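The residues making up each chain are set out below.
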Amino acid sequence: MAREFKLKDNEHEALLIARRVYFSAAIVILLILMIVSRVFYLTVIQHDHFTTLAKSNRVKITAVPPIRGLIYSRDGVVLAENKPSFSLQVIPEQINDIDAVIEELRQLIVIEDEDIKRFKQAIKKQRRFENVPLRFNLNEEEVAIFSVNRHRFPGIEVIAGLNRFYPYRDELVHAIGYVARLDEDDFQRLDQSNYRGTTHVGKLGIEKAYESVLHGEVGYQQVEVNAQGRLIRVLERSAPKPGENLHLTIDVKLQKTAIDALAGRKGAIVAMDPNNGDVLAFVSTPGYDPNKFVNGIDNKSYQSLLASKDKPLINRVTQGKYPPGSTIKPFMGLIGMENGIRTFENESWCPGWYSLKGHEHRYRDWKKQGHGYTDLHKAITQSCDVYFYILAYELGIDRIHAGMSRFGFGQPSAIDISGESKGLLPSRDWKRQALGQPWYPGETLIMGIGQGYALSTPIQLAKATATLANKGKVVTPRLVASTSNVMTEEKQTIPAKPEKQIKINNETYWDDIIGSMRDVVHGPGGTAWRSGLNAPYEFAGKTGTAQVIGIAQDEEYNKDEIAEEFQDHALFIAFAPVENPTIAIAIIVENGGGGSKTAAPIARKMLDQYMLRPEMVSKG
Amino acid sequence: MEQQTLGQRLHIDFPLLLGIVALCSIGLVVLYSASNQNIDLVYRQAIKLVIAMVIMLVVAQLPPADIARSSLWLYLIGIVLLILVLFYGDVGKGAQRWLDLKIFRFQPSELMKLSVPMMIAFYLSDKSLPPNFSRILLVCVFIVVPVLLIAKQPDLGTALLVGTAGFAVLFIAGISWRLLMAMFVLAAAAAPLLWYSMHDYQKRRVLTFINPENDPLGAGYHTIQSKIAIGSGGFYGKGWLEGTQSHLEFLPERSTDFIFAVFCEEFGMLGVLLLLCIYLFIIARGLYIAVNAQHTYGRLLASALTLTFFVYVFVNMGMVTGQLPVVGVPLPLVSHGGTSIVTLMAGFGILMAIHTHRRFLSF
């Protein structure tokens, strides 16, 4: 009974539920029709409206590259700045036939085949719907022409950006270097996420060495762009962190004085503060215009720079290798005393030449008639070659090598830009490995006057001079003194590299050598006496003349008969004041003839510029 | 005894399975485009779908009588978990929804989507239908308690769906039209109360729903951009992977809640019609199962689950097309995500169980 009742009940319930389900089904269909009609309304009736919106109202996120830090000189002059510039950029997805459009563009604006080649490569690497640059550095006329015809080129736009500019052009290129467009190799090397949107990267000099400081951190912005990819407005922005400014140790006035004093000759000049290694002047001539490299130098100009026999691309300060010549003599003298070979007063006889026992070859002194009895003071002030032949012979190459190494010869100076040469400080080992030959005693002799295999870079010579001026305190040359934050204007000093101290047996040796060098300039018969005339301050120096070609035994060096490129290099090292020096200088004038005649006057001009400043005079 | 079909032996309803597989396939295809061709994401989603389908087939093996018996317990466990979540839950996207069970993270509100209709169907099928007033009142308590707990997390979308599921059972059970009207009036009166209990972001959503242009960069942004995506798609769509709106990455939540906008943009009105046909087919099959179920519990539960499924679809599409507020309800079986898919598939498993565990009278 109960079972029957339940069954009946079940039937009744099934009917009730079925009715409600059918009712629900009707509602479902009604609501689905509502959705359908809504979608119909949007996709068909309002289609054109929304298509316009879609095309004219695109929102995308773009990287905002940081603004590169500026580079200032010691005296606050801008050496590398960011100038507004215009480039032509394309969104490839919005153009049907790119080749045709480029052809059309070419009627208006110069687009080189190289531009197109680079552009087509860039397309492959770019993300969809992003700008690809077609041309850089549009001039104002080109911008105007394009703007007038802009409507003809949907998907192409002139974009304003910042372009690196070096106002001192060729005068500082070897120190500062330059930035150039990022290439694939750079991208592999750098943190890609931080370089999203960045177009340029430091390739040389300070721009390269301090890339991470100068670059900053990328930011992002959400922008609304229309169908042509043109930016309508910025919706959201996380600002990039701009790169930090660099404050160099270079003093533009001193730099300028040095360049002017070189008067267009090839050469290198380094001035540095022996107290901390600050490089005050960094001259390598000839230079070249770094601005040409920023957006890619054309091949022809580049080839002519490469082929030039003046070699403007070489950084003579850090890469130029020159025989140090007689500038090596003060160091040799010190090594001689230190090793107990000679006292300051010991004399050698100089008849104008020197021969090794059992050899016929005569090693000549620059003074044909000889210097007579010569002690170290006279040997330095008058630059007696014979004295140093004998001294070098007595020292032997091993002790010379060890002694000269202490002054940094044959090693990179560790200046804060890369690509430095370490010069050449010859030794027995070196000769065996490099040339497969034993060391000959004759080679030791000419080593004593800085000839033969010995090669040093101007920065090495400057560092060694500063070490001497410091009485053995070794400082590392540097070009960047501090960085400053653009936002907070907070300045941060870059700590100097740790100093070293060369220990010698008797501290008076320093005074002997430095006194002799002072008398090179201020003493009677000093080789640079002319440059010391009427100087209101005292300075010490040493002249040098480096032979470019060997001269046969019975030949005379006659300047007028020798082509310029084979003439001697003129060298001069100097520091001032003699006590507690504030500046040390190394000068090399290629094919400039004698050091006293060509190089020393340059030092005098620089020292006058530097030492006679009101602040220096009051300090002194 | 009548020969059982293959489907009955395996407890699989093939028409339903066909519809589900079709939907999932479309979902993966759209996800590939919406995720900017992230094949790994599609792969992971496919794995989730397969796991969810396995769960569906496992659930389908359970006899409906067992499911009915578990209703009360599942409901009570769910309520306890919801309370736990309020105190110990993990916070994600400004809401406390997750319970960290060390092995996996669990959203108790998802369980309630199934256990609320199960509980109510279980309770109502006990006595003859339609239910009397006092029983209806108790059912309302069964609905309101979890809904309030979920709304407090706050998860308005899920609360709405749980409430709908419970209410659907009540409606199918034959609640009188007069009472229905009265409840509607009561709900309208309660609306201001609800307004004050809402979070700021929810209020903003409702306000911008009324006029999205008010705040085009903030809360109205979703709706405006999805309407543009749908409208610019046109009748035939822009083509797969060609949706500029989504590929310019400005359509928000395009692989989850707003995947329908991506679908519309790329496949147009034509695609929408096809998609709706598949949904309609699944719903029709679900209701067919409900009507042909042998027990009241099965009828009530099957129809409630099917109608809830439809409400999912409708709320999501209504939201994406700008007819309903943005409440965060995914498009079932198409949107990217794991938890909701497991719940949905388990629901389909229950449908299959109801349909395939039929008792045949032997003559």
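In this text, all values refer to a predicted model and were calculated from it rather than measured experimentally.

Each value, and the rule that gives it
Residues numbered from 1 in each chain as written. Chains lettered and ligands numbered in written order. Predicted model: local features only at pLDDT ≥ 70, side-chain atom pairs only at ≥ 80, totals over all residues. Heavy atoms only, no water. Helix = DSSP H or I, 4+ residues; strand = E, 2+ residues; numbered from the N terminus. Buried < 20%, exposed > 50% of the residue type's maximum accessible area, 1.4 Å probe, protein only. Contact = heavy atoms within 4.5 Å. Areas by Shrake-Rupley, 256 points an atom, 1.4 Å probe, with all protein chains shown as cover. Core = buried A, V, L, I, M, F, W, Y, C linked by side-chain atoms within 4.5 Å. Domains from an automatic or database assignment. Salt bridge = Lys/Arg side-chain N within 4 Å of Asp/Glu carboxyl O. Expected span 1.5 Å × (residues − 1). Axes fitted to C-alpha atoms, helices over the stretch in contact; angles between N-to-C directions. Parallel < 35°, antiparallel > 145°, perpendicular 65-115°, else oblique. Nonpolar A, V, L, I, M, F, W, Y, C, P; charged D, E, K, R; others polar. 1 Å grid on protein atoms, 1.4 Å probe; cavity = no way out; pocket = protein on both sides within 12 Å on 5 of 7 lines; lining within 4 Å. Points joined across faces, edges and corners; volume = space filled by probe spheres on them. Buried area = accessible area lost by both parts, 1.4 Å probe. Polar contact = N/O pair within 3.5 Å; in protein donor to acceptor, adjacent residues only side chain to side chain.

K.L.:
Help me understand the overall build of chain A in this model?
P.N.:
Helix and strand counts for chain A stand at 23 helices and 25 strands. In chain A, which comprises 620 residues, the proportion classed as buried is 54%. Residue pairs at least 24 apart in sequence account for 72% of intrachain contacts in chain A once pairs closer than 6 positions are excluded. Split by element, the accessible area of chain A, about 29,100 Å² in all, is 52% carbon and sulfur.

K.L.:
Can you walk me through the nonpolar core in this structure?
P.N.:
The tendency in soluble globular proteins is for nonpolar side chains to be buried side by side. The biggest cluster of nonpolar side chains holds 126 residues, and the ones touching the most others in it are Ile-583 and Met-606 of chain A. Here this core spans two domains, and each of domain 1 (62–248) and domain 2 (252–307 + 319–569 + 580–619) of chain A adds at least three residues to it. Those residues in contact with Ile-583 of chain A that lie beyond four places of it in its chain are Leu-254, Ala-271, Met-272, Pro-274, Leu-280, Ala-574, Phe-575, Ala-576, Leu-607, Tyr-610 and Met-611 of chain A. Judged by nonpolar contacts, the second largest core, of 120 residues, contains Ala-60, Ile-120, Val-162 and Ala-353 of chain B.

K.L.:
What is the right way to read the pattern of salt bridges from this model?
P.N.:
A side chain with one charge may pair with a side chain of the opposite charge, provided their charged atoms come close. Residue and element names in this part refer to chain A. Per the stated rule, a full pass over the model turns up 33 salt bridges over all chains. For Glu-338, the salt bridge goes to Arg-406, with nearest N and O atoms at 3.9 Å. Pair noted here: Glu-338 is in helix α14 (residues 329–338) and Arg-406 is in helix α16 (residues 385–406), with a separation of 68 residues, a long-range link. Given a relative accessible area of 17%, Glu-338 falls into the buried group. Shared partners join several salt bridges into a network, and the residues in it are Arg-68, Arg-164, Glu-207 and Glu-211.

K.L.:
What's the story with helix α20 (residues 508–522) of chain A in this structure? I'm lost.
P.N.:
Given 3.6 residues to a turn, an α-helix orients residues that are three or four positions apart in the same direction. Residue and element names in this part refer to chain A. In a regular helix each residue adds 1.5 Å, so 15 residues correspond to 21 Å; α20 covers 20 Å between its end C-alpha atoms and thus fits that length. Taking burial as the measure, the 15 residues of α20 include eleven buried ones, the bulk of the element. Among all positions in α20, only Tyr-509, Trp-510, Asp-512, Ile-513, Ile-514, Gly-515, Ser-516, Met-517, Asp-519, Val-520 and Val-521 are buried. Where the residues of α20 are buried, they touch α14, α15 (376–381), α19 (458–469), α21 (529–532), β23 (540–546) and β24 (569–576).

K.L.:
Can you walk me through the packing of helix α6 (residues 133–151) of chain B against helix α7 (residues 156–172) of chain B in this structure?
P.N.:
Packed helices, taken two at a time, are described by the angle between their axes plus the distance between the axes. All names here are of chain B. Following both chains from N to C, one finds α6 and α7 inclined at 170°, their axes separated by 8 Å at the closest point. In this view, α6 runs roughly antiparallel relative to α7, as classed from their interaxial angle. Each of Ile-136, Val-139, Ile-143, Val-147, Ile-150 and Ala-151 in α6 lies in contact with α7, whose residues at this interface are Thr-158, Ala-159, Val-162, Gly-163, Gly-166, Phe-167 and Leu-170. Counted by class, the contact of α6 with α7 contains ten nonpolar, three polar and no charged residues.

K.L.:
Where do I start with empty space enclosed by the protein in this structure?
P.N.:
If you roll a probe as big as a water molecule over the atoms, it shows you where there is empty space left. Residue and element names in this part refer to chain B. The final tally for this structure, using the stated rule, is five cavities of 30 Å³ or more. Of the pockets and cavities examined, the largest cavity occupies roughly 150 Å³. Broken down by secondary-structure element, the contributors of at least two residues to the lining of the largest cavity are α5 (108–124), α13 (296–320) and α14 (339–356). Along the lines of polarity and charge, the residues of the lining of the largest cavity split into seven nonpolar, four polar and one charged.

K.L.:
What exactly am I supposed to notice about the environment of Glu-489 of chain A here?
P.N.:
When you line up the elements, Glu-489 of chain A lands in the loop between β20 (480–484) and β21 (491–493). You can call Glu-489 of chain A exposed: its relative accessible area is 67%.

K.L.:
Just to check I follow, could you spell out the interface of chain A and chain B for this structure?
P.N.:
For interface size, the figure often reported is the accessible area lost on association. Facing 39 residues of chain A, the contacting portion of chain B comprises 51 residues. Regarding the contact of chain A and chain B, the summed buried area is about 4,100 Å², with carbon and sulfur atoms giving 73% of it. Three residues, Ile-17, Arg-20 and Ile-35 of chain A, lead the burial of chain A against chain B; their summed loss comes to 17% of the area buried on that side. Applying the counting rule to chain A against chain B returns six residue pairs in polar contact (both at pLDDT 80 or more). Contributing elements (two or more residues each) for the side of chain A that touches chain B: α1 (2–45), α2 (47–56) and β1 (58–64) of chain A. With 26 residues, the top contributor of residues to the side of chain A that touches chain B is α1 of chain A. A breakdown of the residues in the side of chain A that touches chain B according to their chemical character gives 24 nonpolar, seven polar and eight charged.

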